[in-house]
Every structure is written in structure tokens, then in C-alpha cells.
Amino acid sequence: MVIVDNIVKDYGDLRAVDGVSFEVKKGDILGFLGPNGAGKSTTMKMIAGFLSPTAGTASVAGFDVQKDPMEAKKRIGYLPESSPAYPEMTVVEFLTYVAETRGFRTKDEIHDRLANVIVKCHLQTVQNQAIETLSKGYRQRVGVAQAILHDPPVLILDEPTDGLDPNQKHEVRKLIKAMAEDKAIILSTHILEEVEAICNRIIVIDQGKVRVNETPEAFKARQPGSSIDEIFREITNSKAYA
Ligand code: ADP
């Protein structure tokens with residue numbers, strides 16, 4: 001569903017992403033891990049078609065994100081790192097706007113799409129509130145709602161549970177897991193338990209390169225009981241890293 005082939009991104013002299021390759025199949029939830037500045041967001045932005053790669057390719061459902069951006073973007077839902085813009089809009093106004101930009105035209109179509117994501121993301125009680133008045137947890141759910149509105153086969157979620165309280169984290173994870181069966185999902189996270197709870201594969205990226213591509217069980221077994229930071233340290237100090 002997603003094929004990333006030797007993708008590179010330079011910001012001036014800085015090589016932020018340095019030849020990253022991986023595949024994600026339908027039913028996969030891929031956890032994207034790495035220290036701050038590792039190149040996770042940049043890689044996700046290139047797959048989502050928001051940044052052009054310096055070299056290499058990414059394709060989504062068979063469409064190259066550079067050569068066929070419209071077809072690729074139709075099949076992608078993207079939750080960026082920061083919450084959605086348009087703080088003065090209500091949830092319904094914002095999601096209506098997203099539905100229109102996604103090409104839904106009739107009132108019925110738009111109503112159906114909104115009703116679906118509002119229920120899925122538990123936004124009923126705040127649907128007529130301005131986004132700027134919502135708690136971080138609700139804002140994040142609005143972000144997820146806009147990403148899944150057109151029911152895309154590929155979801156790219158940049159730190160979807162960042163800043164949420166434990167209950168909200170649990171809810172968002174449940175939602176992601178429930179959607180995984182017929183989608184390919186890539187999510188970045190800093191939380192080991194999140195990876196164990198929902199991902200079936202892990203990629204660790206550091207200094208723009210893939211260091212590890214394995215199951216959560218194998219990842220956890222590297223240093224049982226340790227934090228994700230300790231595991232990073234172990235990986236980055238190992239010979240395989242050099
Ligand atoms: P991560 O998501 O893993 O924290 P990023 O992809 O955001 O990492 O960043 C990778 C590297 O690229 C970092 O060194 C960061 O400072 C740099 N970087 C990210 N965005 C830009 C930008 N727009 N211009 C210049 N450098 C950037």
C-alpha cells in the first residue's frame with residue numbers, strides 16, 4: 001500500500017532524511033520511532049505529499065506521490081504534528097470545509113461524511129464549539145476526524161496521542177486499532193507502550209537513516225523493562241549502527 005524507496009531530504013546543507021526505504025501493507029500499523037530531529041516528520045510529510053523529496057520515491061496505492069499527487073493524496077489521510085488550523089471555526093464548519101476540499105459536493109454526502117467521523121471520533125458534544133475553545137484531547141480528535149473523513153486506505157499520523165491524558169490516549173489508540181483492518185497506518189510516537197499496544201511493526205530512524213525494522217516483541221526484547229530512550233541509546237551505541 002505504501003512503498004518508500006531510498007527517499008532523501010536535504011534542508012540546505014543538512015541531510016534530514018538519508019536514503020530511507022520501507023513498505024507498509026494493508027492491515028499494518030507501523031510505529032515510527034526515533035529521537036527528536038531524527039527525520040520522522042520530514043519522512044511522513046514526503047509520503048503525504050507535503051514536501052518534495054530531494055531524491056528517491058514514495059508511492060501510495062500504486063501512485064507516485066510526486067508524479068501523481070492528486071491520485072496519491074486522495075488515498076491518504078494525514079494528521080500533522082500540530083493541531084488543525086482555523087481555530088475560529090466550529091468543529092462542524094471545519095469538517096465541512098475539509099469535506100468540500102476533499103471533493104464532496106452534495107449536502108447529503110457532506111452530512112453523511114461528517115456524521116460518520118463525528119461519531120467515530122466522539123465529537124458529538126463539542127461539534128458546535130469553536131476549535132480554539134477545545135481541550136488538547138478534543139482538538140487532536142478533530143485532527144484525526146479530518147484525516148479519516150474521506151475514508152482513505154492510508155493513514156499517516158504524526159504523534160497522534162501527543163499531549164493527551166491517559167484516557168484520551170486510550171481512546172485514540174482504540175480508534176486507530178479499529179481502523180487498521182482495511183488500512184495501512186504509519187504513526188510516529190515516543191511511547192513504548194503505545195507501540196506495544198497497537199503496532200505490528202517498528203521502524204527506528206535516527207539521523208535520517210533506518211536503524212531497525214522489526215516486530216514490537218523483538219524491539220522490546222532488546223532491553224526488557226527499559227524506556228524507549230534507553231533502547232535508542234542501546235541501538236545507537238551498537239556496532240550495527242556504525
Ligand atoms: P523528527 O520528526 O524526527 O523530530 P524532523 O523530520 O522534524 O525530525 O527533523 C529532521 C531534521 O531536519 C532536524 O534536524 C530538523 O531540525 C531539520 N528540519 C526539519 N524541518 C526543517 C525545515 N523546514 N528547515 C530546515 N531544517 C529542518
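Relevant structure appears above.
The notes below deal with the structure included here. (Residues numbered from 1 in each chain as written. Predicted model: local features only at pLDDT ≥ 70, side-chain atom pairs only at ≥ 80, totals over all residues. Heavy atoms only, no water.)

Description of the packing of helix H3 (residues 91-101) against helix H5 (residues 136-148)
Inference 1: Axis separation between H3 and H5 bottoms out at 10 Å; the angle between their running directions is 25 degrees. By the angle class used here, H3 and H5 are roughly parallel. H3 and H5 meet at a crossing whose hand is right-handed. In this structure, H3 contributes Val91, Phe94, Leu95 and Val98 to the contact, and H5 contributes Val142, Ala145 and Gln146. (Axes fitted to C-alpha atoms, helices over the stretch in contact; angles between N-to-C directions. Helix = DSSP H or I, 4+ residues; strand = E, 2+ residues; numbered from the N terminus. Parallel < 35°, antiparallel > 145°, perpendicular 65-115°, else oblique. Left-handed = near helix turned anticlockwise from the far one by under 90°. Contact = heavy atoms within 4.5 Å.)

Side note on helix H6 (residues 166-179)
Inference 1: In this model, H6 (14 residues) spans 20 Å end to end at C-alpha, consistent with the 20 Å of a helix rising 1.5 Å per residue.
Inference 2: Considered for burial, the residues of H6 that qualify are Gln168, Lys169, Val172, Arg173, Leu175, Ile176 and Met179. One side of H6 holds all its buried residues, which, seen down the axis, span an arc of 160 degrees. Of the exposed residues in H6, those oriented more than 90 degrees away from the buried face are Pro166, Asn167 and Ala178.
Inference 3: Its buried side turned inward, H6 meets strand S3 (29-33), helix H4 (107-120), H5, strand S7 (154-158), strand S8 (184-188) and helix H7 (192-198).
Inference 4: Of the residues flanking the start of H6, the one acting as N-cap is aspartate 165, its side-chain oxygen 3.0 Å from the backbone nitrogen of asparagine 167. (Expected span 1.5 Å × (residues − 1). Buried < 20%, exposed > 50% of the residue type's maximum accessible area, 1.4 Å probe, protein only. Arc of directions from axis to C-beta. Polar contact = N/O pair within 3.5 Å; in protein donor to acceptor, adjacent residues only side chain to side chain.)

Some thoughts on the pattern of salt bridges
Inference 1: This structure, assessed with the given rule, holds nine salt bridges.
Inference 2: In this structure, glutamate 71 and arginine 75 form a salt bridge, with 2.9 Å as the shortest nitrogen-oxygen distance.
Inference 3: Residue glutamate 71 is classed as partly exposed on the basis of its relative accessible area, which comes to 24%.
Inference 4: Note that glutamate 171 is salt-bridged to lysine 174, the shortest N-O span being 3.8 Å. Of this pair, glutamate 171 and lysine 174 both sit in helix H6, three residues apart, which is roughly one turn of that helix.
Inference 5: Each of the salt bridges in this network shares a partner with another, and the network as a whole consists of Glu71, Lys74 and Arg75. (Salt bridge = Lys/Arg side-chain N within 4 Å of Asp/Glu carboxyl O.)

By themselves, these figures tell us nothing about what the structure is for.
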